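What follows is each chain in one-letter form.
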Amino acid sequence: MDSLSRRKVAALYPAHLASLLPRRGIPGCDVIASDDLAAIAAAQPAVLGALYLPEERPTDLPPLYALGPALWQDPPAALVGRADQGQRQVAARALETLLGILGPGPLPPSPRGLRLKTLQSALGGGGVAIAGGGKVGRAVYTLAHQGKLRARLISDHKSAIANPVPWSRASDLFKGARAVLWASDRPLTPMLSHLPPEAVLVVLSALSSEERQGLLATLDGRAATALVLYRPLALPTHPGLVVLSDSPRRQALAMAQFLRHLQRHPG
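First things first, this report covers the structure right here in the doc. (Residues numbered from 1 in each chain as written. Predicted model: local features only at pLDDT ≥ 70, side-chain atom pairs only at ≥ 80, totals over all residues. Heavy atoms only, no water.)

1. A look at the sheet that holds strand 4 (residues 64-66)
Link 1 in the chain: In space, the five strands of this open sheet follow the order 2-1-3-4-5, with parallel pairing throughout. The open sheet has two free edges, formed respectively by strand 2 (29-33) and strand 5 (79-82), since each of these has just one partner strand. Here the strands of the sheet are splayed against their neighbours by 25° on average, with no regard to which way each runs.
Link 2 in the chain: As defined by bridge partners, strand 3 (residues 47-50) adjoins strand 4 across three bridges and the pair is classed as parallel. Across the sheet, A50 pairs through a bridge with A66, a residue of strand 4.
Link 3 in the chain: Packed on one face of the sheet, helix 8 (residues 248-264) meets strand 1 (8-13), strand 2, strand 3, strand 4 and strand 5 and runs near 165° to strand 1. (Pairing = 2+ DSSP bridges. Helix = DSSP H or I, 4+ residues; strand = E, 2+ residues; numbered from the N terminus. Axes fitted to C-alpha atoms, helices over the stretch in contact; angles between N-to-C directions. Contact = heavy atoms within 4.5 Å.)

Below you can see the structure in the form of structure tokens.
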């Protein structure tokens, strides 16, 4: 019993993350998974690995390991780490989503080079504006640049890439873009009026409820809008709205980082 009492207890939310645990378990650590945050708090785990947290939650949650982009910004609890190495997967899905909207029919199971070449043709010579010079925005730009797409990155950070477009010129760049990939924490709704009706908008950031409602109110003014969700949300059905859930592959990579964290800090 003493050996069990000395084992570290970690928690996962939501419960479906338990399917990503190794069968052999974690040496020196017991992992519980639940959809009930109150029950997790009552178990007093040393750390909580979470993809997202609902708006109403207990105030006595343990330190947080943020597994998903919904918690990468403004963590609501003490933060012990975050699995933020999934930006390349998010970037690849952004370009594949754009191809699925602009290209002929479903995305073919072809090598990435061929998909990028098909996307280049689907854009019809139009450019792609990538808003945000963070890790996701830079990853999208790198993939687009490798695929020889006409892509410009909007960022005020000179270290993001060579010669980014400053935010003061963002509205001018949007007006001539065939697609806008939004990967910024800046307010989105003030920029929506600058998008031409034929433009496709792919939103990669986790939006606030106010920003999301502002976006949904403008769906009729664009050819298509794709919205990546990092937490379960009820959204209206609209012919111009493509809703993507968080990538299972990215979640698996995030969990792998969390498990390595538990192994490195067993006590």
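2. Structural notes on the side chain of S205
Link 1 in the chain: On the secondary structure map, S205 appears in the loop between strand 9 (200-203) and helix 7 (209-216).
Link 2 in the chain: Taking relative accessible area as the criterion, S205 reaches 8% and is therefore assigned buried.
Link 3 in the chain: Engagement of the side chain of S205 in a polar contact is seen with the backbone oxygen of S184, the distance being 2.8 Å.
Link 4 in the chain: Beyond its immediate sequence surroundings of up to four residues, S205 is in contact with W182, A183, S184, V228 and Y230. (Buried < 20%, exposed > 50% of the residue type's maximum accessible area, 1.4 Å probe, protein only. Polar contact = N/O pair within 3.5 Å; in protein donor to acceptor, adjacent residues only side chain to side chain.)

3. A closer look at helix 5 (residues 135-146)
Link 1 in the chain: The end-to-end C-alpha distance of helix 5 is 16 Å, a good match for the 16 Å that twelve residues give at a rise of 1.5 Å each.
Link 2 in the chain: Every buried residue of helix 5 is listed here: V136, G137, A139, V140, Y141, L143 and A144.
Link 3 in the chain: Phi for K148, located one or two positions after helix 5, is positive at around 60°. (Expected span 1.5 Å × (residues − 1).)

4. Concerning the pairing of strand 10 (residues 224-229)
Link 1 in the chain: Within strand 10, six of the six residues are buried, leaving the element largely enclosed by the surrounding structure.
Link 2 in the chain: The sheet contact formed by strand 9 and strand 10 spans four bridges and is parallel. Within the sheet, the bridge partner assigned to V200 lies in strand 10 and is A224.
Link 3 in the chain: Chirality of the crossover, the property in question, places the unit of strand 9, helix 7 and strand 10 among those that are right-handed.
Link 4 in the chain: When strand 10 meets strand 11 (residues 241-245), the two strands line up parallel, connected through five bridges. Looking across to strand 11, one finds that L227 is bridged to V243. (Right-handed = clockwise from strand over helix to strand, strands pointing away.)

5. Things to note about the environment of I32
Link 1 in the chain: Residue position: I32 is located in strand 2.
Link 2 in the chain: Given a relative accessible area of 32%, I32 falls into the partly exposed group.
Link 3 in the chain: Between the alpha carbons of I32 and Q73 there is a distance of 25 Å; along the sequence they are 41 residues apart.
Link 4 in the chain: Discounting chain neighbours no more than four positions away, the residues touching I32 are A10, A11, L12 and A43.

6. Section: the packing of aromatic side chains
Link 1 in the chain: This structure, assessed with the given rule, holds four aromatic pairs.
Link 2 in the chain: Look at Y13 and Y52: their rings are 5.6 Å apart centre to centre, the planes differ by 70°, and that puts the pair in the edge-to-face class. With Y13 in strand 1 and Y52 in the loop between strand 3 and strand 4, this pair connects stretches of sequence that are 39 residues apart.
Link 3 in the chain: The exposure class of Y52 is buried, given its relative accessible area of 14%.
Link 4 in the chain: Between Y65 and F258, the aromatic rings sit 5.1 Å apart at their centres with planes inclined by 55°, giving tilted as the arrangement. Of this pair, Y65 sits in strand 4 while F258 sits in helix 8, and the two are 193 residues apart along the sequence.
Link 5 in the chain: Taking the relative accessible area as the measure of exposure, F258 reaches 1% and is therefore buried.
Link 6 in the chain: Taken together, the ring pairs in this structure connect W167, F174 and W182 into an aromatic cluster. (Phe/Tyr/Trp six-rings, centres within 6.5 Å; stacked < 30°, edge-to-face > 60°.)

7. Description of the side chain of S184
Link 1 in the chain: Among the structural elements, S184 can be located in the loop between strand 8 (177-182) and strand 9.
Link 2 in the chain: Each residue touching S184, except ones within four places of it in the same chain, is listed here: A131, G132, W167 and S205.

8. Some thoughts on the environment of A18
Link 1 in the chain: Position of A18 among the secondary structure elements: in the loop between strand 1 and strand 2.
Link 2 in the chain: Look at A18 and you get partly exposed, because its relative accessible area is 33%.
Link 3 in the chain: For A18, the contacting residues outside a window of four places in its chain are L12 and A33.

9. A short note on the nonpolar core
Link 1 in the chain: Judged by nonpolar contacts, the single largest core of 63 residues is most densely connected at L48, L67, L98, L204 and F258.
Link 2 in the chain: Of all the elements, helix 3 (residues 87-102) adds the most residues to this core, at seven residues.
Link 3 in the chain: Not counting residues up to four positions away in its chain, the partners in contact with F258 are A10, A11, L12, V47, G49, Y65 and L67.
Link 4 in the chain: Counting residues in hydrophobic clusters, the runner-up holds 23 residues, among them I154, W182, L215 and L229. (Core = buried A, V, L, I, M, F, W, Y, C linked by side-chain atoms within 4.5 Å.)

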